Amino acid sequence: MAEIHVIISSCDRNVGITTALRRKPVLVNFTSKLEQTMADEDEVKLFGMWASPYSRRVELALKLKGIPYEYVEEDLSSKSCLLLKYNPVHQKIPVLVHYGKPIAESLVILEYIDETWTNNPILPQDPYDRAMARFWAKFIDEKLLMTTRKASVASGKEKEQAIEEITEQLKLLESELQGKEYFSGPSIGYLDIVASVLVFWFGNLQEALGVDMFTKEKFPIIFGWIGKVVEIDAVEVCRIPKEKHLEYIRTRLEAFKSASK
Amino acid sequence: MALSDVKVLGSWPSPFVLRPRIALHLKSVNYEYIEENLLESKSELLLKSNPVFKKVPVLLHGDKPICESLIIVQYIDEVWSSGPSILPSDPYERANSRFWAAYIDEKWFPALRGVLAAESEDAKKAAIAQVEEGLVLLEEAFGKLSQGKPFFGGDQIGYLDIALGSFLVWLKVIEKISEMKLLTEAKTRCLLEWAHRFSSHVAVKDVMPEADKLAEFGVKLRAKILKARAIPK
């Protein structure tokens, strides 16, 4: 940035150029202060949690768009004041903060990112394709992941039924990949980002639960997609560390079981 | 020909069906409305158009089905872009509209339904408290988002007006069931006034169901829900 020397009436951080000359004008090297202010104003912060697929999908979108951001890891057992301030309604991560303005709910955040940083669009251009992408994203969050949660804490026949439901839901989702490289077509996009929960998180959960339904044999097309998706740098960088994740899931399940007794 | 054919598969008691209908009226788009009977078995057309959820509303645009009410509203806004905008143009305002619409569907509406389907007085009271809490949050959101204008969307009805407004007649039915006012002068004055404006808007008033007719339906729906719960699995 070119150096700017201006006469200002205040040496305050939030500088402004004013014609009122009550105070003695001061010549200041404006550059560093202006750069600092602009850098702060441009600041993108993501409040997230390493094991959350909702948080990881936002990180993936930011990385695919090449958007620099500051990541703030939240301890969900002791949420920070800032998180509670930025998301008082749900008190959950992820929360994206842009120009000091918070945006919550991962699918809402993804659309905000796409509309604000228009390079490398993640949603399709055609309204019908956009509607389909949004529909399947909703399906993943409201059907697949809800049933997965149910299966994680259920036992006996209820667990079996939940696993059957998940199998049907995955089959439906898999049909969306027919004849396509990625869910979004020839390149990775919104629906792949939402479906990225299947890439690391889902398999780890299955292993921790001692279940064996999410396999290459049963879902060859999904696994073919996973193979392509992990080749993408941004996806690999968002990998959830496996052993740490397995331990995390087991600890949470134990806590849930103790709490329900 | 085909692409100008617009149909809405719906059911008159469904608040979700009102959403695409209001959106199409705002855009002055003519469409054919096809009634599904929610209390009886689902039609072939519905099962074929929405095989995943098997629910109304479905928008049929030419041969393309679009499902899920808020997704349909966004589709309508994007396709008929020359009409008045439903979503705001600023990305942050759009995010706020989407956030609150998601809150309404995922948190507030289940509480509203919870009042209707409550099996005990305690469950009913708990659900009513959640509905009231949600309305207070929405009152605050209205203050911030409307910026002194008549609707969440500003001078005109927008996405969030449609998302919440579609529940207004059901809210009257729930007020009747709970024997108390949920939208009040004391706690939700702005929303109360907004509700009158929304309900009497030209794009809305002809599609809103009658409160008495909906209340009668509500009684049948409650009986159906409680019966389904009583059946041993």
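- If you look chain B up in an unreviewed UniProt entry, it shows as Glutathione S-transferase from Theobroma cacao.
- Taken from UniProt, the Catalytic activity (unreviewed entry) comment for chain B reads in full: "RX + glutathione = an S-substituted glutathione + a halide anion + H(+)".

- As annotated in an unreviewed UniProt entry, chain A carries the name glutathione transferase and is attributed to Theobroma cacao.
- Note on chain A: under the UniProt heading Catalytic activity (unreviewed entry), the record states "RX + glutathione = an S-substituted glutathione + a halide anion + H(+)".

Quick notes on the overall build of chain B
Next, step 1: Scanning chain B for helices and strands turns up 9 helices and 4 strands.
Next, step 2: Listing the helices and strands of chain B from first to last along the sequence gives β-α-β-α-β-β-α-α-α-α-α-α-α.
Next, step 3: The C-alpha extent of chain B, read off along each of the three principal axes, is 55 × 45 × 30 Å.
Next, step 4: Buried positions account for 52% of the 233 residues belonging to chain B.
Next, step 5: Once local pairs closer than 6 in sequence are excluded, the contacts in chain B between residues at least 24 apart make up 68%.
Next, step 6: If you sum the accessible surface of chain B, you get close to 11400 Å²; carbon and sulfur atoms cover 54% of it.

Description of a positive patch on the surface
Next, step 1: Judged by side-chain charge, Lys143(A), Lys42(B), Lys54(B), Lys55(B), Arg113(B) and Lys224(B) come together as a positively charged surface patch.
Next, step 2: Assignment of secondary structure puts Lys42(B) in the loop between β2 (32–35) and α2 (44–49).

Structural notes on the pattern of salt bridges
Next, step 1: In total, this model carries 23 salt bridges over all chains according to the counting rule given.
Next, step 2: A salt bridge links Lys242(A) to Glu207(A), with the shortest nitrogen-to-oxygen separation between them at 2.9 Å. In this pair, Lys242(A) is assigned in helix α11 (residues 242–260) and Glu207(A) in helix α8 (residues 201–209), connecting sequence segments 35 residues apart.
Next, step 3: One salt bridge connects Asp155(B) with Lys149(B), and the closest N-O pair in it is separated by 3.6 Å.
Next, step 4: Ionic contacts of the salt-bridge type, sharing partners, join the residues Glu111(A), Glu115(A), Arg130(A), Arg134(A), Glu78(B), Arg94(B) and Arg98(B) into one network.

Let's talk about unusual backbone geometry
Next, step 1: With omega at 0°, the peptide bond leading from Ile93(A) into Pro94(A) counts as cis.
Next, step 2: Omega for the bond connecting Val56(B) with Pro57(B) falls within 30 degrees of zero, at 0°, which places this linkage in the cis form.
Next, step 3: Among the secondary structure elements, Pro57(B) is positioned in the loop between α2 and β3 (58–61).
Next, step 4: One non-glycine residue, Asn120(A), lies in the positive phi region at around 45°.
Next, step 5: Inspection of the secondary structure puts Asn120(A) in the loop between α4 (106–116) and α5 (127–153).
Next, step 6: Phi is positive for Gln147(B), close to 50°, though the residue is something other than glycine.

Thoughts on the interface of chain A and chain B
Next, step 1: Facing the 26 residues of chain A at the interface are 23 residues of chain B.
Next, step 2: Here chain A and chain B share an interface that buries about 2300 Å² over both sides, 70% of which is from carbon and sulfur atoms.
Next, step 3: Our count for the chain A to chain B interface comes out at 7 residue pairs in polar contact (both at pLDDT 80 or more).
Next, step 4: Elements represented by at least two residues in the side of chain A that touches chain B include exactly β6 (101–104), α4 and α5 of chain A.

As for α4(A)
Next, step 1: The buried fraction of α4(A) amounts to 8 of the 11 residues, a majority that puts the element mostly inside the structure.
Next, step 2: Along α4(A), the positions that sit buried rather than exposed are Ser106(A), Val108(A), Ile109(A), Leu110(A), Glu111(A), Tyr112(A), Ile113(A) and Asp114(A).

Section: the sheet that holds strand β4 (residues 70–73) of chain A
Residue and element names in this part refer to chain A.
Next, step 1: Pairing is mixed across the open sheet formed by 4 strands, whose spatial order is β4-β3-β5-β6. Either end of the sheet is taken by a strand with one partner, and the two such strands are β4 and β6. Strand-to-strand twist in this sheet, taken as the mean axis angle between neighbours without regard to direction, amounts to 20°.
Next, step 2: Relative to strand β5 (residues 95–98), strand β3 (residues 44–48) runs antiparallel, the two being bridged by 4 bridges. Opposite Lys45, over in β5, you have Val97 as the bridge partner.
Next, step 3: Packing against the sheet, helix α2 (residues 53–64) makes contact with β3, β4 and β5, and its axis sits at approximately 155° to β3.

Some thoughts on the UniProt feature "domain: GST C-terminal" (unreviewed entry) in chain A
Next, step 1: UniProt tags residues 126–253 of chain A as "domain: GST C-terminal" (unreviewed entry).
Next, step 2: Structurally, residues 126–253 of chain A comprises 70% helix and 0% strand, and the distance from its first C-alpha atom to its last is 42 Å.

Rules behind the numbers
- Residues numbered from 1 in each chain as written.
- Chains lettered and ligands numbered in written order.
- Predicted model: local features only at pLDDT ≥ 70, side-chain atom pairs only at ≥ 80, totals over all residues.
- Heavy atoms only, no water.
- UniProt positions renumbered as here; feature names shortened; annotations may be inferred.
- Helix = DSSP H or I, 4+ residues; strand = E, 2+ residues; numbered from the N terminus.
- Buried < 20%, exposed > 50% of the residue type's maximum accessible area, 1.4 Å probe, protein only.
- Contact = heavy atoms within 4.5 Å.
- Areas by Shrake-Rupley, 256 points an atom, 1.4 Å probe, with all protein chains shown as cover.
- Patch = residues over 30% accessible without salt bridge, like charges linked within 9 Å, V, L, I, M, F, W, Y side chains within 5 Å.
- Salt bridge = Lys/Arg side-chain N within 4 Å of Asp/Glu carboxyl O.
- Lys, Arg positive; Asp, Glu negative; His and termini not counted.
- Charge placed at Lys NZ, Arg CZ, Asp CG, Glu CD.
- Buried area = accessible area lost by both parts, 1.4 Å probe.
- Polar contact = N/O pair within 3.5 Å; in protein donor to acceptor, adjacent residues only side chain to side chain.
- Pairing = 2+ DSSP bridges.
- Axes fitted to C-alpha atoms, helices over the stretch in contact; angles between N-to-C directions.

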